[in-house]
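# Architecture at a glance
So you can see what is in the structure, the chains are spelled out below.
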Amino acid sequence: MEKLISKDFNLPPKDRSEEAIINWRKAVGLVKNRCRRFRYVTNLEKRFETNEHIRILREKIRVGFLAYIAALKFIDAGGHGNEQSSGNNNESGEAMQDDSEAEFVNGLQDEARAAGFSVHPDKLSPLVASYDIKTLRKLKGVKGLSNRLNVSLDEGVKSSDVHIRQNIFGSNVYTEKPSKSFWMFVWEALQDLTLIILMVCAVVSIGVGLATEGWPKGMYDGLGILFSVILVVMVTAVSDYKQSLQFKALDKEKKKIFIQVTRDRTRQKVSIYDLVVGDVVHLSIGDRVPADGIFISGHSLLVDQSSLTGESVPIDIHEKKPFLLAGAKVQDGSGKMLVTTVGMRTEWGKLMETLSKGGEEETPLQVKLNGVASIIGKIGLAFAVLTFLVLTIRFLVEKGLHHEFTKWSSNDAVMLLNYFATAVTIVVVAVPEGLPLAVTLSLAFAMKKLMNDKALVRHLSACETMGSATCICTDKTGTLTTNHMAVNKTWMCGIEKEVETSGSQETYDSDIPENAFTILLQAIFLNTGSEVVKNKDGKRSILGTPTESAILEYGLLLGGDFDYQRRACELLKVEPFNSEKKKMSVLVTLPNGKVRAFCKGASEIILKSCDRAIDANGKPFHLSDEHTRNIMNVINGFASEALRTLCLAFKDIDDDFEKNSVPDYGYTLIAVVGIKDPIRPGVKEAVKTCLAAGITVRMVTGDNIHTAKAIAKECSILSDDDLAIEGPEFRHKTPDEMKQIIPRIKVMARSSPMDKHVLVKNSRSLLKEVVAVTGDGTNDALALHEADIGLAMGIAGTEVAKESADVIVMDDNFATIVNVAKWGRSVYINIQKFVQFQLTVNIVALMINFISACISGSAPLTAVQLLWVNLIMDTLGALALATEPPHDGLMKRPPVGRTDSFITRTMWRNIIGQSIYQLAVLLVLNFDGKQLLSLTSSESTAVLNTFIFNTFVFCQVFNEINSRDIEKINIFLGMFGSWIFVGIITSTVLFQVIIVEFLGIFASTVPLSWQLWLLSILIGAVGMPVAIFLKCIPVERKTAAQHDGYDLLPTGPDLA
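Rules behind the numbers
- Residues numbered from 1 in each chain as written.
- Predicted model: local features only at pLDDT ≥ 70, side-chain atom pairs only at ≥ 80, totals over all residues.
- Heavy atoms only, no water.
- Buried < 20%, exposed > 50% of the residue type's maximum accessible area, 1.4 Å probe, protein only.
- Helix = DSSP H or I, 4+ residues; strand = E, 2+ residues; numbered from the N terminus.
- Pairing = 2+ DSSP bridges.
- UniProt positions renumbered as here; feature names shortened; annotations may be inferred.
- Expected span 1.5 Å × (residues − 1).
- Arc of directions from axis to C-beta.
- Contact = heavy atoms within 4.5 Å.
- Axes fitted to C-alpha atoms, helices over the stretch in contact; angles between N-to-C directions.
- Parallel < 35°, antiparallel > 145°, perpendicular 65-115°, else oblique.
- Nonpolar A, V, L, I, M, F, W, Y, C, P; charged D, E, K, R; others polar.
- Phe/Tyr/Trp six-rings, centres within 6.5 Å; stacked < 30°, edge-to-face > 60°.
- Lys NZ or Arg CZ within 6 Å of the ring centre and 35° of its normal.

For strand β21 (residues 696–700), a buried count of five out of five residues is recorded, marking the element as mostly surrounded by other parts of the structure. Residues Thr696, Arg698 and Val700 of β21 are buried on one face, and the alternating residues Val697 and Met699, pointing to the opposite face, are buried as well. As defined by bridge partners, strand β9 (residues 471–474) adjoins β21 across four bridges and the pair is classed as parallel. Opposite Ile472, over in β21, you have Val697 as the bridge partner.

Time to look at the UniProt feature "transmembrane region" (unreviewed entry) in the chain. Feature annotation in UniProt places "transmembrane region" (unreviewed entry) on residues 193–212, 218–238, 375–397, 417–446, 839–859, 942–959, 971–1004 and 1010–1030, given in this structure's numbering. Between the C-alpha atoms that bound residues 942–959 there is a distance of 26 Å. The span itself is 100% helix and 0% strand. Note that residues 1010–1030 is 95% helix and 0% strand, and that its end C-alpha atoms are spaced 31 Å apart.

What follows concerns helix α39 (residues 1010–1021). Taking 1.5 Å of rise per residue, twelve residues should cover 16 Å, and α39 covers 16 Å from first to last C-alpha, within 8% of that figure. Residues Leu1012, Trp1013, Ser1016, Ile1019 and Gly1020 constitute the buried set of α39. Within α39, the buried residues cover an arc of 130° as seen down the axis, which keeps them to one side. Residues of α39 that are buried make contact with α35 (905–932), α36 (940–962), α37 (979–998) and α40 (1023–1031).

Bringing the packing of α36 against α37 into the picture now. Two elements in contact, α36 and α37, have axes separated by 11 Å at closest approach and are oriented at 175°. Taken together, the axes of α36 and α37 are roughly antiparallel relative to one another. For the pair α36 and α37, contact is made by Thr946, Phe949, Asn950, Val953, Phe954, Val957, Glu960 and Ile961 and by Phe981, Ile984, Ile985, Thr988, Val989, Gln992, Ile995 and Val996, respectively. Residues belonging to the contact of α36 with α37 are distributed by class as follows: eleven nonpolar, four polar and one charged.

Here we come to the packing of aromatic side chains. Evaluation of the coordinates by the stated rule reveals 13 aromatic pairs. Measuring from ring centre to ring centre gives 5.3 Å for Tyr828 and Phe902, while their planes differ by 85°; the resulting arrangement is edge-to-face. Placement of Tyr828 in helix α33 (residues 814–855) and of Phe902 in the loop between α34 (863–881) and α35 is noted, with a sequence separation of 74 residues between them. With respect to burial, Tyr828 and Phe902 carry one shared label: buried. By way of ring pairs, the aromatic residues Phe182, Trp183, Phe185 and Tyr241 are connected into one cluster. Taking NZ or CZ as reference, Lys180 lies 5.8 Å from the ring centre of Phe185, over its face. The side chain of Arg964 reaches across the aromatic face of Phe981, ending 5.5 Å from its centre.

Right, here's the structure in full:
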């Protein structure tokens, strides 16, 4: 069947062209309810409007920025002249100040004045957005502005003032598209064209029935159809509404973003949506600026405003260029800013409102199943038309044979109307509207469960694609390890020591000369991006990365005082750590007035920049080649014990050295530290699970290759035949060489983000792998976007990395990633189960009515009965089969290939086999049922038709159970653990009893004897041994060998 599907339905998971999206939607034919079918896909018209709106906003911001740069240049050029004439302008300046004061407070509410604010919110809003440097100078810069906002730049906002600030200046929230009510979903379900036609038929039937048969008998047929339509609409609406609530909960989880602020004199984390005007926000690499603000202080702060202006060139932020726009990304450095504008008053807020009007991109499986649904729908429509034509022609021929062609009664009209209703209902059943929607249902269910298991899926397609992953490129720190770091060993002054956290200070400093000890503490407390803070209870804690925290903890263990060191020295320049340089450097002024540089980072990189080291007497000595080799042996020794190694170094700056420039060489080595980061519990088992599932695990880390290999062996990633390579060596390989070595690479050490990107890109393009990659840093965004599935770390990951990712691993645990893969496979296999079940029902329902119409001139299944079957097959079937939880067996088979057929030969074997059995039974009953069942009463025809309907439904109930596993014989495994499945099967059986026994007037049924009930159930149950027999029939399959040697598992009884 998939060979018949147009190429327009084969879309890549990422980076689709708008033309491709338009083409597949045009190719979709016979859609009963476009409103429902395309509810969760991108609205292309709104996307165009959004893009146009964004373009206008960006242009406005860009023009404002260019005008601001020009104004700065003009001010700088005229600065000297202004200084000479400043004395003459004092009096006029004072007069202007009075005017400015009136300008800023004009219209200010009494509540705001009482709270100590002296600037109107409307004056603040355009300050940053229009880069109004002139107004900022009138306000006397950030200090003057903070006074007007009644906030101390050192102490921050008081928690008690937050509510009043939100009332006056607004909250940091954006206008969002309102969520739909339940009745909107009911209305959308009613948009189904076939249901509308059936409702019209029902109304006509009631009208004709009342005229011919009177009240109330004439209403029963029409009311039965109306009741069935309402039931279908309500069940559909409830299912869709619950699904929308799941997506709403996921969206809420996505918005849990936190930022560090100073409040109540302490540094703390708050949600970005709780920020208020006046907050002092701390920014670091990878953060997204959460509101408009003014720069207070910082080091080497570089921001990327491309999401706002479209300009890719990063902007330096400092005292002379102090404006920070909400939505900008911090690319380098760190700093503090004063929040001036929040929420919808910012340009970013207006952009976010526009972006919220878009839709989620459809997944590849949804698109493919739309193609399958189109083909089946066309076949179904053809059968419906043929059935109607056959029934009508037979009816007309019979009238002609009885010479009644000129005599027409209302009964004839009712008969033709019933034929038409049956034909329309065949279309209802035949068009599998639920196929693509079942994917959304299954993905929504999986996403909700994964959220409970610490994985936040940001894009629907990621969960689906993860099931096909053949390779996971994972970080080491925090993913394979716990990220709870501690200094375990040190080497200093030629002495190697093991650090015991329970030891006393004397244990550490007894063998270290005093001057060397002083330099060590300076290196630890001055050259860091982290802080030692005290909370309200006076308890000490460290804010920063785990590596920095481990070194600071070691410094505190040595008896060092963070605040004392920071007060005693002045920071002149900071070059924060980044994954390219693999080091951090600072330039400081010491208490004696001298300038000293400190650097720390990757051991071999820092060692190369050192030409001296400190000896046992605390004196610097020249590093010979032999000394360097000895130190490298120490580093490699630490690394082979799975310790992360860092070197600390310093250099005293001469007076003739370039001012505020951090040197790159000539350092003196202070110490080598080995940091222990234990392996996470369960990682080894998770890696083995991946290998059994045909998923290659590659560790990509910035650590020393010896550390990386030791950790990889401990995690069972690296074996003797595998390759460990360093990033610089890998990146210089040719494409042909890469193609040869990538399958063997299990560890890439000392890698940069660009090395990770190259590895991902070539794995996908050269080896056609489906690649999942983890990332936490700003520079990982490229690799995360390039990969089939980007996985960002929820704890260690930056906001930039999270926004580029498809899945956020909230606990940073590798085992969680494996769980995502398992759920991804579960989604794929669940949809296959549902498709197998639905196609079987489709074939049998179409054929039984068509064949009966051709031979006997009547259809055994009425419109109401077919609507009930449609409900079982479509909405209830999707809920039962598409929401089954995963089992461990899913991770004992290889991943599904990119080009593998979705409807497999095994599925066709089951569909055709079950269809033949059901059709054979139902047709025998239809044509010879009265004799076989010994039905002789006046109601024999009604009893037989009811029995056929009952048997047909029970065939579907047992076939639904059979569909729980496409290949294995034991279909009961884990069934009672899926309460949704058990609940739906039970509900279906109970409602079937109600329809047959109590709703016969509406459903055209009569009560059955217990013997006929038992026989219906037994005929349905025979479908189970039929399924066992079918699964024993071998199906010819191509063995799709993976590059890593895995073959597809065989089918048949050995899989029971």
